[in-house]
Amino acid sequence: MVECDRMFISNPDGRKNGSFSSLEMLNPYNHSRQCIYTFIAAENERVKVTFTVFRLKGAPPECAHEFVDLYTEIEDSATELIKTPFGGRYCGKILPQTRISLYQTLVISFYTDRNEITSDVFRGTYEFVDATQYELGTPLPTSVCSFTIFTDHRRKGKILSPTYPGVYPKNLKCQYKFLGAEGQRVRLEFMDFDLFYGGRHCPFDLVQVYDGATTQDPLIDTYCGQQRNLVVYSSAENLLVLFITLKRTANTQNRGFSGWFEFSESFTKLGFIENSGGQHIRGTECDQKVFSKGHSNGTVYSPDWSSFYHPNTVCKYYVYGLNDRQNLERVTLTFEQFDIPSENKDCEEAYLKVYLNGQETKQAFDEYDHVFCGQELPVPLVSNGPRLFIVFSSGPSQGRGFKAIYTFETEYKIPGTPAPDDTCHFTYRSESRKSGEFNSPRYPANYPSSTHCQYYFHGLQGDQVQFVFNYFKTKTLLQNVPGYNEVCKEDWLEIYEIYPNGREKALGRYCSTTSPGPVVSNVGIHDMKVVLKTNEEGVASGFSATYQFIESKQQFQECGENISGHQYGLIKSPGFPDPYEPHRQVCTWFVNVRPYHKVLLVFDDFLIEGDPVVRGCPGAVVRVWPDLSLLPIELCGEALSNSTRQILSVSTILKLQFLSANKAVGSKGFKAVWTEVKEVGTSCRDLFCANSGFCISPDLKCNDIFNCGLNDYSDETNCIRTVEVKKGLVIGISVGVALLSVSVLCVVCHRKKRRRRRRNSVPPFERPPQQPREVPGMHFVSVDSV
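Reading the values: the criteria
Residues numbered from 1 in each chain as written. Predicted model: local features only at pLDDT ≥ 70, side-chain atom pairs only at ≥ 80, totals over all residues. Heavy atoms only, no water. Helix = DSSP H or I, 4+ residues; strand = E, 2+ residues; numbered from the N terminus. Contact = heavy atoms within 4.5 Å. Areas by Shrake-Rupley, 256 points an atom, 1.4 Å probe, with all protein chains shown as cover. Lys, Arg positive; Asp, Glu negative; His and termini not counted. Charge placed at Lys NZ, Arg CZ, Asp CG, Glu CD. Buried < 20%, exposed > 50% of the residue type's maximum accessible area, 1.4 Å probe, protein only. Pairing = 2+ DSSP bridges. Axes fitted to C-alpha atoms, helices over the stretch in contact; angles between N-to-C directions. 1 Å grid on protein atoms, 1.4 Å probe; cavity = no way out; pocket = protein on both sides within 12 Å on 5 of 7 lines; lining within 4 Å. Points joined across faces, edges and corners; volume = space filled by probe spheres on them. Nonpolar A, V, L, I, M, F, W, Y, C, P; charged D, E, K, R; others polar.

Undergrad: Please explain the overall build of the chain as it appears in this structure.
TA: Along the chain, the regular secondary structure elements total three helices and 52 strands. Taking the principal axes of the C-alpha coordinates as reference, the chain spans close to 165 × 100 × 55 Å. Across the chain, contacts joining residues at least 24 apart in sequence account for 78% of those joining residues at least 6 apart. For the chain, the computed accessible surface area is about 40,800 Å², with 50% contributed by carbon and sulfur atoms. Averaged over its 83 positive side-chain charges, the chain has a centre that lies 13 Å from the centre of its 88 negative ones.

Undergrad: What's the story with the pairing of strand E16 (residues 185-194) in this structure? I'm lost.
TA: Two faces, one strand: in a regular strand the side chains alternate between the faces of the sheet. The buried fraction of E16 amounts to eight of the 10 residues, a majority that puts the element mostly inside the structure. Sheet analysis places E16 next to strand E21 (residues 256-264), joined by nine bridges and oriented antiparallel. For Phe190, the partnering residue across the bridge sits in E21 and is Gly259. The pairing of E16 with strand E19 (residues 230-233) spans four bridges and is classified as antiparallel. Across the sheet, Glu189 pairs through a bridge with Val231, a residue of E19.

Undergrad: How should the sheet that holds strand E50 (residues 669-677) be read in this particular structure?
TA: Paired through backbone hydrogen bonds, the strands of a sheet run either parallel or antiparallel to each other. Reading across from one edge, E43-E50-E45-E48 is the order of the four strands in this open sheet, with antiparallel pairing throughout. Single-partner strands in this sheet number two, and they are strand E43 (568-572) and strand E48 (646-648). Strand-to-strand twist of the sheet, defined as the mean angle between neighbouring strand axes without regard to direction, takes the value 20°. Relative to E50, strand E45 (residues 598-607) runs antiparallel, the two sharing nine bridges. Note that in E50 the partner of Leu601 across the bridge is Trp674.

Undergrad: Sorry if this is basic, but what is going on with empty space enclosed by the protein here?
TA: Any empty space left between atoms is shown by rolling a water-sized probe over those atoms. Scanning the entire structure with this criterion turns up three cavities of 30 Å³ or more. Reported here for the largest cavity is a volume of approximately 100 Å³. Lining the largest cavity are Thr72, Glu73, Phe86, Gly87, Tyr90, Arg99, Val167, Tyr168, Pro169, Lys170, Asn251 and Thr252. A per-class count over the lining of the largest cavity returns five nonpolar, four polar and three charged. Approximately 60 Å³ is the volume attributed to the second largest cavity. For the lining of the second largest cavity, the elements supplying multiple residues, two or more each, are strand E39 (519-520), strand E46 (620-625) and strand E49 (653-660). The class makeup of the residues in the lining of the second largest cavity is five nonpolar, two polar and three charged.

Structure representation (structure tokens):
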């Protein structure tokens, strides 16, 4: 049987590299064969093996008939393979990754049971490489890959994982301790970083970097997977790097890492961050975070402020306002000094970039809002949210840098002119803008608790103010109850008219999901106010609404009137019984009755889009004021209760208003009957309503309208209707005429038949000649019209 083991040994006078392959041989009985390829490097050398051809039978993980086993962690070449760490089993056609031995020996074990073996089953190259590249400094005797690097021995150099670029071993714990001199900082840059990724918390193989000389110092971060542009700085002169791999059986083919370290006194001093009240972001050269302390302010500086900054320095500033359940702030940045020289006006090398929309959270660093360079003082800037992000890059030039004041202000995310005292007060003026939007704080996110917001709308003389609510929801405990007026005791919204003399009159209070209906101020009232009040418990998404200032002379009143001098009447929505049209309409009725009387209003038909419990009346609404000094009753939907189907005024005046917005979809509308009444308990010399107890005019008896109120028909009982008598007379006469006509026809027919019979009984020759008949006279029957 052909001997198939091979040995490759490095010697001072021999080649340091070469090739290997499977041997050509026959195995006619398909016996299992094992061929051992042993590579032994010289002192201060490692073995590097790379497969170039790999065509083994089978597929992992079974590899039943043919495979290659790798052993890369053989500390003593005389040790039996079974007693050394196993480096993995491979078969199929996928090339194993490059391997570098941890010590001086590397073994490839080839097993096969095929009957003919050729040289192209596998091929590869080997190389004896310098082992000193893996020795960073003073080795620790307890570990093959742990070193202490002193700045006075080596200020800069490479850092490699123990077998880079080959697959790193399992069950490793390597330590790289960098000890610098006072005033120095350590910079570590990884050009290649490839570790097994087990999740974002790196539960398996990992690299940990500590901001100091021990694991008791602050942890900068933990890294695994594949990293790009990974650069780490120490805050002071020391840095500790741990490389840990787990002991496991699964094959991994990750390279590890390759990097560069440097000790230097020229890295940015961090004192300028402390002066600004910021917090250095560990691991960076000069990045910082600035946090609000609640309506606070401070100053940010460029590095080495008061002297010239160093070239090729990049610092990032994360300025964060409050953003929690109770607070939302924005950041104002005002520059006091600015000197960043640049060779061109495009600020391509040295610059200050400002981001106002949170682009840094998406790593969208090319989407900056402003870029500045030169010596011109930038304009003040305001962030659009709680974050403001700054990138300072010095480029190859030198300058004095910048100094800027930052201020944290409450951001309600409400369009409008805010009050100067930073309270939740906003103003909208007709001369500035005729229409727009307003909303609860932070909409569509939840408004904060314990909030009191006021919205003032100031129109010009002759204007009216209109509101239409597009979304509405406040926190509430109400269930199956409309969120109107007195039931709103937690979070609520109120709407007020403001009279020219400054007096305010409430139009309604709203809560839960009961959206206010469309609102238009009365003619002559050009100012209005909206108030949002929330308590300390629970929050909701709030509201979104539109406003519009409308000139009164442009208001087309399709309906509505002032009614007086009548005892009853009908009030209908525009076009009833046809549906009202889906556009803006404002109709107002004032009903005035005699002294000591009241107005009784009963809805006969009612169908207005909306639902008072589920979504309120945002598209159209009917409002009724039984008492002009109190809040109105707000109605929509299709099911009125007895208390809302019948309404009694408190005084001699009742006001009813129908409003629809441009967003309305249209519906049937309403028809209501109003009646002048006296209440129960008063002396009644007129017509007394048996069930309701109201006293109404006797002229309303038998007028075909129920004027006594809901479920009381006493005013329309025992009535002899003239119309019914006339109808009976017409029907009777018609039936009589028809019967008479039938009788006459029957008599005529009977006489003709009898004459024929007589003629037929006489022989023809016996009949006397017939004389020509005269035309009989015409008879007419006259009927009086009814």
